[in-house]
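# Understanding the architecture of this molecule
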Amino acid sequence: MALVPPIIHEIQARSALNAVEGMPFKWSLNPYKGCRHACSYCYARAYHQFLDLAPSSFENQLFVKTNVAEVLRAELRRPSWRGESVAIGTATDPYQPLESQYRLTRGCLEAFAEVDNPISITTKGTLVRRDVDVLADMASRTEVVVNVSLISLDAELLRKLEPGAPAPARRLETIERLSAAGVPVSVFLAPILPGITDDPTALKNLVRAAAEHGASDAWTGALRLADGVRDHFMQFLEEELPGMVPVYSELYGGRAYLPTGFQIRLEAEVGAARRAAHMTDSIPPLVAAAHSRRGQLNLPI
């Protein structure tokens, strides 16, 4: 799937920290809206509807919160702020290509570092290696984890599913670089796509590769096809993997979630892969609680 040139909107953020309900963590932060990685399955596509944009424009209509670091710094210094953990990158990738130009995620990390505020980051972007200095310094004083999102080692398949994201080998190198610097790293193996990325041997090989490159844990969840995402993903299947269209029509049947039995099976397979890879659960407990092994996130932007 070819990517067309994006339209970039520079906007002013009124707030940086988003209050979150129904998740193990209370706060999230997203320096951007939309994402150039163009993942066909991304649950955050639905949020573009709140901007009166089609979910298919998620990778082409990008919004940059140019003042987000300054707003964040002020919010962190409020007497009412309790220094709770903040999940970065819940509705967009904080290290998508735009970050090389705007450096907003870097600015936010520096603000968090000033007050030793615990954080977690979820990203496919290898640009996170640029900020290893700030992350390693923070990790020596507070709870920090980087979750590198990787759902397959099949580079050809990922070029279809995630046409704007770095190749899997580069993401494994990123895990290794961060881990070697003392930054706790996990692999975010979500969403698992039934019939596409759920082969038990492939999952085991992915978890083993992540562990060999320094990942301490693996988080997983099955694909969620919510309103605003389902139609886009089914169109993607029709164009790129047409044989899977009837499979998904039957599996999901208009529902957002897989049947519970499928989810439990997938979690069990990844759990077995974690044990086989001798993953240690060494991620700090407060930050580890920021991610659930079941399902994709459902968060505000």
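Just above sits the structure.
A short tour of the structure in this document, coming up. Please read these numbers as outputs of a predicted model, since none were measured by experiment.

## Some remarks on the sheet that holds strand E1 (residues 7-11)
Read from one edge to the other, the open sheet built from three strands follows the order E1-E5-E4, with strand pairing classed as mixed. The open sheet has two edge strands, E1 and strand E4 (32-33), and neither has a second partner. Across five bridges, the pairing between E1 and strand E5 (residues 61-65) is parallel. Residue isoleucine 8 lies in a different strand from E5, and its bridge partner there is leucine 62.

## Some remarks on the packing of aromatic side chains
For any two aromatic rings, the description comes down to two numbers: the centre-to-centre distance and the angle of the planes. Considering all chains together, one arrives at five aromatic pairs under this definition. Taking the centre distance of 6.2 Å and the plane angle of 20° together, the rings of tyrosine 47 and phenylalanine 50 count as stacked. Taking relative accessible area as the criterion, phenylalanine 50 reaches 65% and is therefore assigned exposed. Taking the centre distance of 5.8 Å and the plane angle of 10° together, the rings of tyrosine 248 and tyrosine 252 count as stacked. Taken together, the residues span about one helical turn, with tyrosine 248 and tyrosine 252 both in helix H9 (residues 245-252) at a distance of four residues. As far as the burial class goes, tyrosine 248 and tyrosine 252 line up, both buried. An aromatic cluster is present here, built from Phe233, Phe236, Tyr248 and Tyr252 joined pairwise through their rings.

## Thoughts on the packing of helix H3 (residues 104-114) against helix H4 (residues 132-139)
A packed helix pair is summarised by two numbers, namely the angle formed by the two axes and the spacing between the axes. Two elements in contact, H3 and H4, have axes separated by 10 Å at closest approach and are oriented at 20°. On the basis of the axis angle, H3 is roughly parallel to H4. The handedness of the crossing between H3 and H4 is left-handed. Each of Arg106, Leu109, Glu110, Phe112 and Ala113 in H3 lies in contact with H4, whose residues at this interface are Asp133, Val134, Leu135 and Met138. Considered class by class, the residues forming the contact of H3 with H4 number six nonpolar, no polar and three charged.

## Quick notes on empty space enclosed by the protein
Tallying each qualifying case throughout the model produces one cavity of 30 Å³ or more. In this structure, the largest cavity is lined by 23 residues; those nearest its centre are Cys42, Tyr43, Thr122, Lys124 and Ser149. Top element by residues in the lining of the largest cavity is strand E9 (residues 185-192). It accounts for three residues. Partitioned by chemical class, the residues of the lining of the largest cavity number 13 nonpolar, eight polar and two charged.

## Remarks on the nonpolar core
Grouped together as the largest cluster of nonpolar side chains are 85 residues, with contacts concentrated most on Phe112, Leu135, Leu237 and Tyr248. The contact partners of leucine 135, leaving out residues within four places of it in the chain, are Leu109, Ile119, Ile121, Val128, Val144, Val146, Leu178 and Val183.

## What to know about helix H8 (residues 230-240)
Taken together, the buried positions of H8 are occupied by Arg230, His232, Phe233, Met234, Phe236 and Leu237. In the core, the buried residues of H8 are packed alongside helix H5 (155-161) and H9.

## Observations concerning the pairing of strand E8 (residues 144-149)
Across the six residues of E8, six count as buried, placing the element largely inside the fold. Alternating residues of E8 divide into Val144, Val146 and Val148 and Val145, Asn147 and Ser149, and every residue in both groups is buried. Relative to E8, strand E7 (residues 119-123) is paired through five bridges, and the arrangement is parallel. Bridge pairing links threonine 123 to valine 148 in E8. Running through H4, the crossover from E7 to the neighbouring parallel element E8 is right-handed. Across four bridges, E8 lies against E9 in parallel orientation. Residue asparagine 147 lies in a different strand from E9, and its bridge partner there is serine 186.

## A short note on the side chain of aspartate 131
Within the secondary structure, aspartate 131 is located in the loop between E7 and H4. Classification of aspartate 131 as buried rests on a relative accessible area of 0%. Aside from chain neighbours lying at most four places away, what touches aspartate 131 is Tyr95, Arg106 and Leu109.

## Remarks on the environment of proline 94
As for its placement among the helices and strands, proline 94 is situated in the loop between strand E6 (86-88) and helix H2 (98-102). Residue classification places proline 94 among the buried residues on the basis of a relative accessible area of 0%. Sequence separation of proline 94 and arginine 170 is 76 residues, and the distance between their C-alpha atoms is 17 Å. With near-sequence residues (within four places) excluded, proline 94 lies in contact with Pro31, Tyr32, Ile88, Gly89, Glu99, Thr105, Ile121, Thr122 and Thr123.

Rules behind the numbers
- Residues numbered from 1 in each chain as written.
- Predicted model: local features only at pLDDT ≥ 70, side-chain atom pairs only at ≥ 80, totals over all residues.
- Heavy atoms only, no water.
- Pairing = 2+ DSSP bridges.
- Helix = DSSP H or I, 4+ residues; strand = E, 2+ residues; numbered from the N terminus.
- Phe/Tyr/Trp six-rings, centres within 6.5 Å; stacked < 30°, edge-to-face > 60°.
- Buried < 20%, exposed > 50% of the residue type's maximum accessible area, 1.4 Å probe, protein only.
- Axes fitted to C-alpha atoms, helices over the stretch in contact; angles between N-to-C directions.
- Parallel < 35°, antiparallel > 145°, perpendicular 65-115°, else oblique.
- Left-handed = near helix turned anticlockwise from the far one by under 90°.
- Contact = heavy atoms within 4.5 Å.
- Nonpolar A, V, L, I, M, F, W, Y, C, P; charged D, E, K, R; others polar.
- 1 Å grid on protein atoms, 1.4 Å probe; cavity = no way out; pocket = protein on both sides within 12 Å on 5 of 7 lines; lining within 4 Å.
- Points joined across faces, edges and corners; volume = space filled by probe spheres on them.
- Core = buried A, V, L, I, M, F, W, Y, C linked by side-chain atoms within 4.5 Å.
- Right-handed = clockwise from strand over helix to strand, strands pointing away.

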